[in-house]
Amino acid sequence: MTDTRAFLIVMDSVGCGGAPDAADFGDEGANTLGHIAAECAAGRAEIGRTGPLRLPNLMQLGLGHAMTLADPAAALPQFDALAPGAAGLPLRLAGRWGAATEVSRGKDTPSGHWELAGVPVPWDWSYFPDTIPAFPDDLVAEVCRLANTDGILGNCHASGVPIINAHCEEHLRTGWPICYTSADSVFQIAAHEEMFGLDRLLKLCADLAPYLHARKVGRVIARPFTGTCDSFKRSPNRRDYAIAPPSPTLLDWVQDAGRATHAVGKIGDIFSHRGIGTLHKGKSDSDLFEHLLALQTSAEPGSLTFANFVEFDSLYGHPRDVAGYARALEWFDARAGAFLAAMRPGDLAIFTADHGNDPTWRGTEHTRERVPVLCAGVGAGEIGLCAFTDVAASVARHLSVTNQGPGASFL
């Protein structure tokens, strides 16, 4: 058994602009990291933090260089804002850096993660129209049948907090589930944990998922909440019921080679729990990072740890909270410093993202962007522009397992 280990760490929605097909998605000019840095430098992200965005550990791995590579015109003016305590780029890089471009026709969580794991999406996702109602009558009837209700609430495109605000009282009065969608291929159901019942909500979503997966709708998401209508809170008991990947992914390649696999966060849901040996869940990104640090001690030789940190996206990207996103980035960078300091010889860590979610952009949806690829444990240098699938190929090479996808290793 090889002594090498791999840690693939996805900073959910931390894009860096420059996707060549961004205009096809209405996202030309979107740049999550670049625009957050610009807002920080201009003093417009001062809630709970202050001054330029400071990410010394990720910068040392080559984040600034990756941003320039991905989107030169947007990234160059922001280097001072990103530098660790001084103007300009860090002089002593400790990582290998690049920027990855997605080919799947989506800017969603499954598309990004599957492609990072070596499997581009071979089909077009199904989406719901931005109309009221948004859902066809047969789908509404199926939800009512499974939920044993006379109707649903919402039935439109919406963001989670506003749609609960709008329908909370009627939901508590009638017991009807709150159903909504977004620009992603997704069907979301919000319901009160106590009144509607958490187990009932999870069963509803699990039973509905095959019906929608057959129509190439990517995910059914359970969105439980607690409290009263004037002070409700979204619960950490969210569950994603995702369509299964169309072919074996990096997780399967590693597991089929007899190696251990660990999933941190919502990786299990994203991959329909395929190729996953041990699942490590938590109520917050802080909990998840503790799992990641613990795995540095306990993860087996030859193992893959695949982690997702979702709060950049869910708590700050969709609500368009620039200061909150900046705080989360700076918190993550500090924790990444602890992780990097504890790496062992033979470890590979790749920090990357699955898509963008520019909090300065119009609307409340994901943005089509390239993503940074920052590698620790394999020396310093430029990777250049690469494909999402090259990440899987590189992890496979590091672990000496067979690459079954279209990517090429950059190691």
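Basis of the calculations
The residue count restarts for each chain, going from 1 along the sequence in the order it is written. Local features in this predicted model are restricted to residues of pLDDT 70 or higher, and side-chain atom pairs are both shown and tallied only at a pLDDT of 80 or more, whereas totals for entire chains, interfaces and linings draw on every residue. Derived side-chain values reflect all non-hydrogen atoms in the structure, with water molecules and hydrogen atoms excluded from consideration. By convention, a stacked pair of Phe, Tyr or Trp rings (six-membered ring in the case of Trp) has centres within 6.5 Å and planes under 30 degrees apart, an edge-to-face pair has planes over 60 apart, and any other such pair is tilted. Numbering of helices and strands runs from the N terminus, with a helix taken as a DSSP run of H or I at least four residues long and a strand as a DSSP run of E at least two residues long. Note on exposure labels: buried denotes an accessible area under 20% of the residue type's maximum, exposed denotes more than 50%, and partly exposed covers the range between, all computed with a 1.4 Å probe on protein chains only. Two thresholds decide whether a charge sits over a ring: the Lys NZ or Arg CZ must be within 6 Å of the ring centre and within 35 degrees of the ring normal. Helix span, expected: 1.5 Å multiplied by one less than the number of residues in the helix. Starting at the helix axis, one direction is taken to each C-beta atom, and the arc is that of these directions. We call two residues in contact whenever any of their non-hydrogen atoms come within 4.5 Å of each other. With a 1 Å grid spanning the protein atoms alone, the term cavity applies to any set of points in which a 1.4 Å probe fits but cannot get out, the term pocket to an open set with protein on both sides within 12 Å along at least five of seven lines, and the term lining residue to any residue with an atom within 4 Å of a point. Grid points are joined across faces, edges and corners, and a volume is the space filled by probe spheres set on the points. Under the grouping applied here, Gly and all other residues not named as nonpolar or charged are polar, the nonpolar ones being Ala, Val, Leu, Ile, Met, Phe, Trp, Tyr, Cys and Pro and the charged ones Asp, Glu, Lys and Arg.

For this particular structure, what's the right way to read the packing of aromatic side chains?
Here a ring pair, both rings aromatic, is described through the centre-centre distance and the interplanar angle of the planes. In total, this model carries 18 aromatic pairs according to the counting rule given. Judged by centre distance (6.2 Å) and plane angle (65°), the rings of Phe-128 and Phe-187 are edge-to-face. Taken together, the residues Phe-128 in the loop between α6 (109-116) and α7 (137-147) and Phe-187 in strand β5 (residues 186-192) connect sequence positions 59 residues apart. Judged by its relative accessible area of 12%, Phe-128 falls in the buried class. Accessibility expressed as a relative area gives 1% for Phe-187, which makes it buried. Feature note: the residues Phe-7, Phe-289, Phe-309, Phe-312, Tyr-325, Trp-331, Phe-332, Phe-339 and Phe-351 constitute an aromatic cluster, connected by ring pairs. In this arrangement the basic side chain of Arg-200 is found over the ring face of Phe-196, its NZ or CZ atom lying 3.9 Å from the centre. Above the ring of Trp-123, the side-chain terminus of Lys-216 is found at 4.9 Å from the ring centroid.

When you look at helix α12 (residues 285-298) in this model, what are you seeing that I'm missing?
Residue pairs three or four apart in sequence face the same way in an α-helix, which turns once every 3.6 residues. With 14 residues, α12 extends 20 Å from end C-alpha to end C-alpha; this agrees with the ideal 20 Å at 1.5 Å per step. For α12, every residue scored as buried is listed here: Asp-285, Leu-288, Phe-289, Leu-292, Leu-293, Leu-295 and Gln-296. Mapping the buried residues of α12 onto a view down its axis gives an arc of 155°, with all of them on the same face. Check the buried side of α12 and you find it contacts β1 (5-11), β9 (261-264), β10 (278-280), β11 (304-309), α13 (311-317) and α14 (322-341).

Looking at this structure, how should I read the layout of surface pockets?
Estimates place the volume of the largest pocket at around 950 Å³. Taken together, 41 residues line the largest pocket, and the ones lying closest to its centre are Arg-223, Arg-234, Arg-238, Val-310 and Ser-314. Elements that contribute at least two residues to the lining of the largest pocket include exactly α8 (160-174), β5, β6 (219-226), α12 and α13. A per-class count over the lining of the largest pocket returns twelve nonpolar, 15 polar and 14 charged.

What exactly am I supposed to notice about unusual backbone geometry here?
For residues that are not glycine, phi is negative in most cases, and the peptide bond is trans in most cases. At the junction of Ile-132 and Pro-133, the peptide bond is cis and its omega measures out at 5° in the coordinates. A positive phi angle is found at Lys-216, which is not glycine, with a value near 65°. Along the chain, the position of Lys-216 falls in the loop between α9 (193-213) and β6.

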